[in-house]
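Residues per chain, in single letters:
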Amino acid sequence: MKSSLSSSVVSAIKEQHIAQHTRGYFVLKRSIFWILFGIAMLLGAKAVLLTLHVLEAEDLPLAMRQAPPIIVFVRSLPLLWIVSFALLSLVASWSVRALPKGYKWSLHKTLGINLLASLILGIALFAMGLGPVISRPIERMAPGFSAESHRNALWMHPEYGFLRGRIIEEPKEGSCLLRDPQNIQWLVLFEEEDLGRNIRIQSGAFVRLYGEVEEDIEGLRVFEAERIVPDRPPRWLHD
Amino acid sequence: MQDTDHIERDRKLVHAARANVDAFANIVDCYEAPLLRYILRISSLSHAEAEEVLQETFLSCWKNLRGYDQSLPFRSWLYRIAHNQTISTFRKKKTRNEEKQEELDLELFDLADGAEELGVRLDRKERGKQVYDVLQNLKADHREVLVLRYLEGYDYEAISDILRKPPGTVATLLRRAKKAFQQSWKRLHPTPTL
């Protein structure tokens, strides 16, 4: 015998013409989560790739030998990409958990797997040399987030002993003239043993220096280098 | 009825209901009573409100029937819909209902210290109300998991399907819920041996 509830439910369905969602509706709904998961994974890998590209460009391991102050170190980190990577991994994990049976996986497990997968994919893309290719459009659209900008954030701190620039005059007697990205001229004092490997101090060379700022000489800023290493030709100094 | 019989029966019911709205009435008939009881147990909705939620549950079930994943027991899927509808309605109402269930379950009573002594002294209805009061004092997720495990008799796997939580999380939640129930019982009934 039918209960009153079953009669009223069936009547409501008939009277209000409540239709069942089609199978296609559910396939589409699930596909959206799969697509979201895929996109989040790929963008996460891209964020890893850009992080590695920036760290490579700023030679962080090299700078760490001199241990920059914490504030300089944090500013030099590509935080946008690191945070993006973490957020995208969260989105990917959430998408997986929204899929049928996805709730069987705990958040920390899905998050761990997604972080690892994005990391592996990002490292693989970086190893394939895609860093400059992927970062080029970003450098055009948002120069503040470019690898070059991060390189400056780490190496343009003479007050903390980090300097970069281009040698603008042939060196003589342990000194040379250097112009930094802010167009300030420096008299750089150095000893031959301060030079890194594969570097020639000559006019036009791009270099990075560790050391410290000394007193000005005749209005010229002075930097005493403890170590000089090559730098990559940056865009800002293209004459 | 064995679980496998349930599954086979539900499979046939779903198959028929997908094709014919009149056959959907059989699903309603089968699950009306247990779902209404479940809704009342996990909420403090009135009987009338619970019936409204139940109707919404079945309408939602009808609309989503083609999306039902056969790898999941139909019963768990239906309970999940009822659970979501109840939580959603309960949150909207935000009022605690004074009209409490008269016939309440006593399985949870064993969790409380001194249950046997109390059982001797109090009548069944009174004990039921006490259990109900303690349940209503718990956090919603604690109450839900206790109801599903001890009053509805579901295993961890089924609770995981209904609440959409990993089985490990269900186990942890259940452990905490039992502890919370015991503490709440002691707080509300400080002298178990009257």
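Thresholds, definitions, all that
- Residues numbered from 1 in each chain as written.
- Chains lettered and ligands numbered in written order.
- Predicted model: local features only at pLDDT ≥ 70, side-chain atom pairs only at ≥ 80, totals over all residues.
- Heavy atoms only, no water.
- Helix = DSSP H or I, 4+ residues; strand = E, 2+ residues; numbered from the N terminus.
- Rg over C-alpha atoms; globule rule 2.2 N^0.38 Å.
- Buried < 20%, exposed > 50% of the residue type's maximum accessible area, 1.4 Å probe, protein only.
- Contact = heavy atoms within 4.5 Å.
- Areas by Shrake-Rupley, 256 points an atom, 1.4 Å probe, with all protein chains shown as cover.
- Lys, Arg positive; Asp, Glu negative; His and termini not counted.
- Charge placed at Lys NZ, Arg CZ, Asp CG, Glu CD.
- Buried area = accessible area lost by both parts, 1.4 Å probe.
- Salt bridge = Lys/Arg side-chain N within 4 Å of Asp/Glu carboxyl O.
- Polar contact = N/O pair within 3.5 Å; in protein donor to acceptor, adjacent residues only side chain to side chain.
- Patch = residues over 30% accessible without salt bridge, like charges linked within 9 Å, V, L, I, M, F, W, Y side chains within 5 Å.
- Phe/Tyr/Trp six-rings, centres within 6.5 Å; stacked < 30°, edge-to-face > 60°.
- Core = buried A, V, L, I, M, F, W, Y, C linked by side-chain atoms within 4.5 Å.
- Axes fitted to C-alpha atoms, helices over the stretch in contact; angles between N-to-C directions.
- Left-handed = near helix turned anticlockwise from the far one by under 90°.
- Nonpolar A, V, L, I, M, F, W, Y, C, P; charged D, E, K, R; others polar.

Moving on: the overall build of chain A. Each helix and strand counted, chain A has eight helices and five strands in total. In chain A, the order of α-helices and β-strands from amino to carboxyl end is α-α-α-α-α-α-α-α-β-β-β-β-β. On C-alpha atoms alone, chain A measures out to a radius of gyration of 28 Å, which is more than a quarter above the 18 Å that the 2.2 N^0.38 rule sets for 239 residues. Across its three principal axes, chain A shows a C-alpha extent of roughly 110 × 35 × 30 Å. Within chain A, buried positions represent 41% of all 239 residues. Across chain A, contacts joining residues at least 24 apart in sequence account for 65% of those joining residues at least 6 apart. In the structure as shown, chain A presents an accessible area of about 13,300 Å², 61% of it carried by carbon and sulfur atoms. Side-chain charges of chain A comprise 26 positive and 24 negative groups, with the mean position of each set lying 26 Å from the other.

Turning our eyes to something else, we now look at unusual backbone geometry. Residues other than glycine seldom take positive phi values, yet A:Glu173 does so here, at roughly 50°. Looking at the element boundaries, A:Glu173 is found in the loop between strand 1 (162-167) and strand 2 (175-179). For A:Glu173, a relative accessible area of 85% corresponds to the exposed category. Even without glycine at this site, B:Arg164 takes up a positive phi of about 55°. Inspection of the secondary structure puts B:Arg164 in the loop between helix 8 (156-163) and helix 9 (167-188).

Let us look at the interface of chain B and chain A. At the junction of the two partners, chain B supplies 31 residues and chain A supplies 28 residues. Interface of chain B and chain A: buried area, both sides summed, is about 2,500 Å²; carbon and sulfur atoms make up 55% of it. Three residues, B:Lys63, B:Arg66 and B:Arg164, lead the burial of chain B against chain A; their summed loss comes to 23% of the area buried on that side. Along the contact surface separating chain B from chain A lie three salt bridges. The residue A:Lys14 makes a salt bridge to B:Asp22 at a minimum N-O spacing of 2.7 Å. The interface formed by chain B and chain A holds 13 residue pairs in polar contact (both at pLDDT 80 or more) in total. Elements supplying a minimum of two residues to the side of chain B that touches chain A: helix 1 (3-19), helix 2 (21-42), helix 3 (47-63) and helix 8 of chain B. Looking at which element gives the most residues to the side of chain B that touches chain A, the answer is helix 2 of chain B, with eight residues.

The next thing to look at is the side chain of A:His150. Mapping A:His150 onto the fold places it in helix 8 (residues 147-155). Dropping the residues within four chain positions of it, A:His150 is found in contact with A:Val54, A:Glu58, A:Arg75, A:Ser76, A:Leu77, A:Pro78 and A:Phe145.

Attention now goes to a negative patch on the surface. Residues and elements named next belong to chain A. A surface patch of like charges, here negative, comprises Glu191, Glu192, Glu193, Glu212, Glu214, Glu215, Asp216, Glu224 and Glu226. Listing elements by their share of the negative patch, those giving two or more residues are strand 4 (206-217) and strand 5 (220-230). In terms of residue count, strand 4 provides more of the negative patch than any other element does, four residues in total. With respect to the element layout, Asp216 can be found in strand 4. Residue classification places Asp216 among the partly exposed positions, given a relative accessible area of 47%.

This brings us to the packing of aromatic side chains. Residue and element names in this part refer to chain B. The final tally for this structure, using the stated rule, is 15 aromatic pairs over all chains. With a centroid separation of 5.4 Å and an interplanar angle of 65°, the aromatic rings of Phe24 and Trp62 are classed as edge-to-face. Placement of Phe24 in helix 2 and of Trp62 in helix 3 is noted, with a sequence separation of 38 residues between them. Neither Phe24 nor Trp62 differs from the other in exposure class; each is buried. By way of ring pairs, the aromatic residues Tyr31, Tyr68, Phe74 and Trp77 are connected into one cluster.

With that settled, the discussion passes to the nonpolar core. Ranked by internal contacts, the top residues of the largest apolar core, which has 61 residues, are B:Phe24, B:Ile27, B:Phe58 and B:Phe74. Considering each element in turn, this core owes the most residues, 12 residues, to helix 2 of chain B. Contact partners of B:Ile27, with chain neighbours within four places excluded, come to B:Leu13, B:Val14, B:Ala17, B:Phe58, B:Phe74 and B:Leu78. Listed in part, the 17 residues of the second largest apolar core include A:Met156, A:Leu209, A:Ala225 and A:Ile228.

Taken together, the side chains of B:Lys139, B:Arg175, B:Arg176 and B:Lys179 define a basic patch exposed on the protein surface. With respect to the secondary-structure elements, B:Arg176 resides in helix 9.

We now examine the packing of helix 1 (residues 4-15) of chain A against helix 2 of chain B. Running from N to C, helix 1 of chain A and helix 2 of chain B cross one another at 145°; their axes reach a closest spacing of 8 Å. Classified by chirality, the crossing of helix 2 of chain B by helix 1 of chain A is right-handed. For the pair formed by helix 1 of chain A and helix 2 of chain B, the contact residues are A:Leu5, A:Ser6, A:Val9, A:Val10, A:Ile13 and A:Lys14 on the first element and B:Val21, B:Asp22, B:Phe24, B:Ala25, B:Val28, B:Asp29 and B:Glu32 on the second. A breakdown of the residues in the contact of helix 1 of chain A with helix 2 of chain B according to their chemical character gives eight nonpolar, one polar and four charged.

Quick look at the pattern of salt bridges now. Where charged atoms from two side chains of opposite charge approach closely, those side chains can pair. Residues and elements named next belong to chain A. Tallied over the entire structure, the rule returns 11 salt bridges over all chains. In this structure, the salt-bridge partner of Glu148 is Arg164, at a minimum N-O distance of 3.0 Å. Note that Glu148 is positioned in helix 8 and Arg164 in strand 1, a separation of 16 residues in sequence. We classify Glu148 as buried; its relative accessible area is 18%. Residue classification places Arg164 among the buried positions, given a relative accessible area of 0%.

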